[in-house]
Amino acid sequence: TSAAPTFSSRYVRRFVPGIGTMSGPLCSNQASAICPAVALFRAEYNVRQAVGGPAPDAAKLANASAMLDALAGSSPGYPSRKALATLFALASSQGDDGAMRSSAERYLSLYPTSPFAWVVTLRLGQVHERAGDVTTALADYERVGTLTSSPMARVISLVYQARAREQGLSGDVARLG
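Each chain carries its own residue numbering, running from 1 in the direction its sequence is written. Selection of residues for local features in this predicted model requires a pLDDT of at least 70, selection of side-chain atom pairs for listing and counting requires 80 or more, and totals for whole chains, interfaces and linings are taken over all residues. To get the side-chain values, take all heavy atoms of the structure and skip hydrogens and water.

Asks: Please provide a residue-by-residue account of the packing of aromatic side chains, values included.
Replies: By convention, a stacked pair of Phe, Tyr or Trp rings (six-membered ring in the case of Trp) has centres within 6.5 Å and planes under 30 degrees apart, an edge-to-face pair has planes over 60 apart, and any other such pair is tilted. Evaluated as defined, the whole model comprises three aromatic pairs. Summarising the aromatic geometry, the rings of Y107 and Y111 are spaced 5.6 Å apart at their centres and angled 50 degrees between planes, so their arrangement reads as tilted. Take Y107 and Y111: they sit in the same class, and that class is buried. Between the aromatic rings of Y141 and Y160, the centroid separation amounts to 5.3 Å while the plane-to-plane angle is 40 degrees, which identifies the pairing as tilted. One end of the pair, Y141, is in helix α7 (residues 134-147); the other, Y160, is in helix α8 (residues 151-176), with 19 residues separating them in the sequence. Note on classification: 1.4 Å probe, protein chains only; a residue is buried when its accessible area is under 20% of the maximum for its type, exposed when over 50%, partly exposed between these limits. By relative accessible area, which is 19% here, Y160 ends up buried. Here the aromatic cluster, defined as three or more aromatic residues joined through ring pairs, consists of Y107, Y111 and F116. Each helix is a run of DSSP H or I of at least 4 residues and each strand a run of E of at least 2, with the numbering of both proceeding from the N terminus.

So, in structure tokens, the structure goes:
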């Protein structure tokens, strides 16, 4: 006897043909607006599969990162912006400052006025601060205030600025000492 199909398998086959691939009725026209959304769904699913277990699956993570990178380079829009933000968050969760810096700079160059830009700028400042580049970190923290009208974001920015200035001063004292 064969096992009864699960709800999700029936749903995917019956109502969403082509969801598992970039072909089929949903993406028969590659220029269709739905294709990037399908690719984003697949990439985010792969990220969840890669990091969801007890130990991250390096092969699945590399595949998901490649899918997100390809989508991030596609035409501007929500799927591309979300792919870049996901790449940034993935690099952050892995502690990869180099990948964080490159994805943050890419995000900010393409979407400087997005609602998430201030968070990316703040985190980019943290990367610069960890690398010892206090001047660039301060510039990033100061820029946060211009990217958002949120009072809380501005307070957070001021706290990070104070900490970076303090770190810069302690470094100057150590050099003079």
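Now, onward.
Asks: Tell me what's going on with the nonpolar core, and back it up with residues and numbers.
Replies: Here the nonpolar core consists of buried residues drawn from Ala, Val, Leu, Ile, Met, Phe, Trp, Tyr and Cys, with membership extended through side-chain atoms lying within 4.5 Å. L68, A83, Y107, L108 and V120 are the most contacted members of the largest nonpolar core, which has 27 residues in total. No other element matches helix α4 (residues 78-94), which puts seven residues into this core. V120 has contacts with F88, A104, Y107 and L108, leaving out every residue within four places of it along the chain. Counting 10 residues, the second largest nonpolar core, distinct from the first, contains W118, V144, A153 and A164. We call two residues in contact whenever any of their non-hydrogen atoms come within 4.5 Å of each other.

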